[in-house]
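Now for the letters of each chain:
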Amino acid sequence: MLQIKNLHASVEDKEILKGINLEVKAGEVHAIMGPNGAGKSTLSSVITGNEAFEVTEGEIILEGEELNELGPEERAHKGVFLSFQYPVEIPGVSVTNFMKTAINESRKAQGLEEMPANEMLKKIKEKAELLEIDRKFLSRSLNEGFSGGEKKRNEIFQMAMLEPKLAILDETDSGLDIDALRIVANGVNKLKSKDNAVVLITHYQRLLDYIVPDYVHVLYDGKIVMTGGKELALELEEKGYDWIKASLEK
Ligand SMILES: Nc1ncnc2c1ncn2[C@@H]1O[C@H](COP(=O)(O)OP(=O)(O)OP(=O)(O)O)[C@@H](O)[C@H]1O
Ligand SMILES: [Mg+2]
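Residues numbered from 1 in each chain as written. Chains lettered and ligands numbered in written order. Predicted model: local features only at pLDDT ≥ 70, side-chain atom pairs only at ≥ 80, totals over all residues. Heavy atoms only, no water.

**A short note on the sheet that holds strand S12 (residues 223-228)**
Backbone hydrogen bonds are what pair the strands of a sheet, in a parallel or an antiparallel way. Let me state the cut-off plainly: When DSSP locates at least two bridges between a pair of strands, those strands are taken to pair. Secondary structure is summarised from DSSP: a helix means a run of H or I of at least four residues, a strand means a run of E of at least two, and numbering begins at the N terminus for each. Every axis in this analysis is a line fitted to C-alpha atoms, fitted for helices over the stretch in contact. Angles between the N-to-C directions lie between 0 and 180 degrees.
Judged by pairing direction, the sheet is mixed, and its 6 strands sit side by side in the order S6-S9-S10-S3-S11-S12 without closing on themselves. The open sheet has two free edges, formed respectively by strand S6 (80-83) and S12, since each of these has just one partner strand. Adjacent strand axes in the sheet meet at a mean angle of 20° when their direction is disregarded. Sheet analysis places strand S9 (residues 166-170) next to strand S10 (residues 197-201), joined by 5 bridges and oriented parallel. Bridge assignment links Ile 168 to a residue of S10, and that residue is Val 199.

Printed below as a string of C-alpha cells:
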C-alpha cells in the first residue's frame, strides 16, 4: 500500500525528516510514537502533500505509484486521508454539506457523476449510525464551537464517508479525553478492513489498548529509530524517551 524510502524533508531550510523508511501493507495498523518535535506531524503532512514542506530526497509510493510530484488534492483523490491535529472551522457550512462537496469533488476527479441525493443520504445515515452520531450534529457548522471530542467524531465521520485506502490520524492533540479516545478507537476498528491501512500518530499508549497496532514505530529526531509490536508502546511508557536516547548513544 504505502512505501516510504529514505525520505528527507525540510521546512525553511531546516531538515526535519532525516531519512524515513516505512512500509505499510493493506490491512495493517501502524502506530507512530515519539517525543514532541520529533517530526511526526511533519511526516503526515509530507505524505499528504502539504506544500509547506520540501522533500529533498527519497520517495513516497502509494500502490506502486510515486506521489512526490502530486498535490494534496490529487493525493486525497487517490485515497489518502489525513485527520488534522488542529482542524479548521468553516462557519456557515454544515458537516453534511461539507461531506457532500468532498465526496462529489472526489468523484469528479475520478471521472464519476455526482452521487445521487438519495444515495448520499443513505450513506450519511448509515455511517452516522455506525459511529453513533446524531442528526443534530450533522447540521452544525463545520468545527465551529466543536468540543475536542466533537472534532474527533467529525473527523472519523469524514473518514467513514470517504473510505480512504490510507488513513493517517494525527492524535497528538493533548485535549483528547477518554471519550475522544474511544470515538477514535471505535471508528478506526469499525472501518478497518483488509483493503485499507491506518497510520496512527499518538502519544497515548492507552489508545493502543483499544486499537491494537500491528507495528509500533518510534520516531526520534527525524528518523524511525525503533520498530516493534504493540508491546513496544508499553515499554516506551514505562521507560520514557530517555531510554531511546540512551540506546542510540550506545
Ligand atoms: N511550518 C514550520 N516552520 C518551522 N518549523 C516547523 C514547521 N513545522 C514544523 N516545524 C518544526 O519541525 C519540528 C517537528 O515538528 P512536528 O510538528 O513534526 O513534531 P511532532 O513530532 O508532530 O510533535 P508533537 O508531538 O508535539 O505533535 C519541530 O521542531 C517544529 O518546530
Ligand atoms: Mg504533531
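**Topic: the packing of helix H4 (residues 117-130) against helix H6 (residues 148-162)**
To be explicit about the condition: Angles are sorted into four bins: roughly parallel if under 35 degrees, roughly antiparallel if over 145, roughly perpendicular if 65 to 115, and oblique for all others. By definition, turning the near helix anticlockwise from the far helix through less than a right angle yields a left-handed crossing, and turning it clockwise yields a right-handed one. We call two residues in contact when some of their heavy atoms are within 4.5 Å. Polar here means any residue outside two lists: the nonpolar Ala, Val, Leu, Ile, Met, Phe, Trp, Tyr, Cys and Pro, and the charged Asp, Glu, Lys and Arg; Gly therefore counts as polar.
Interhelical geometry of H4 versus H6 gives an angle of 130° and a closest axis separation of 10 Å. Regarding the angle of H4 to H6, the classification is oblique. The two elements H4 and H6 cross, and the hand of that crossing is right-handed. Contacts between H4 and H6 involve Met 120, Lys 123, Ile 124, Lys 127 and Ala 128 from the first element and Phe 157, Ala 160 and Met 161 from the second. A breakdown of the residues in the contact of H4 with H6 according to their chemical character gives 6 nonpolar, no polar and 2 charged.

**A word on the site of ligand 1**
Note the cut-off: We define proximity as follows: a residue is near a molecule or strand when any one of its heavy atoms falls within 4 Å of that partner. Polar contact is the term for a pair of N or O atoms within 3.5 Å; when the atoms are in protein, one must be able to donate a hydrogen and the other to accept it, and sequence-neighboring residues count only if both atoms are side-chain atoms. The Shrake-Rupley method, run with a 1.4 Å probe sphere, supplies the accessible areas, and residue values consider only the shown protein chains as cover.
The local shell around ligand 1 holds 16 residues, among which Ile 16, Lys 40, Ser 41, Thr 42 and His 203 are the closest. Contacts to ligand 1 include Gly 37, whose backbone N or O atom sits 2.8 Å from an oxygen atom. A distance of 2.8 Å separates an oxygen atom of ligand 1 from a polar backbone atom of Ser 41. Contact with the protein chains hides 66% of the accessible area of ligand 1, taken as 640 Å² for the molecule alone. Contributing elements (two or more residues each) for the shell around ligand 1: strand S2 (14-24) and helix H1 (40-48). For the shell around ligand 1, the element with the most residues is H1, which contributes 3 residues. Residue classes in the shell around ligand 1 are distributed as 5 nonpolar, 8 polar and 3 charged.

**Looking at the nonpolar core**
Formally: Grouping buried Ala, Val, Leu, Ile, Met, Phe, Trp, Tyr and Cys residues that are joined through side-chain atoms within 4.5 Å yields what is termed a nonpolar core. Exposed residues in this analysis have more than 50% of their type's maximum accessible area, buried residues have under 20%, and partly exposed residues fall in between, with area computed by a 1.4 Å probe over protein chains only.
With 44 residues, the main nonpolar core has Phe 157, Leu 169, Leu 207 and Ile 211 as its most contacted residues. Per element, the largest residue contribution to this core is 6 residues, and it comes from helix H7 (residues 178-191). Each residue touching Leu 169, except ones within four places of it in the same chain, is listed here: Phe 81, Ser 83, Ile 156, Met 159, Val 184, Val 188, Val 198, Val 199, Leu 200 and Ile 201. Among the nonpolar cores identified, the runner-up in size contains 27 residues, and Leu 7, Ile 32, Leu 70 and Val 199 belong to it.

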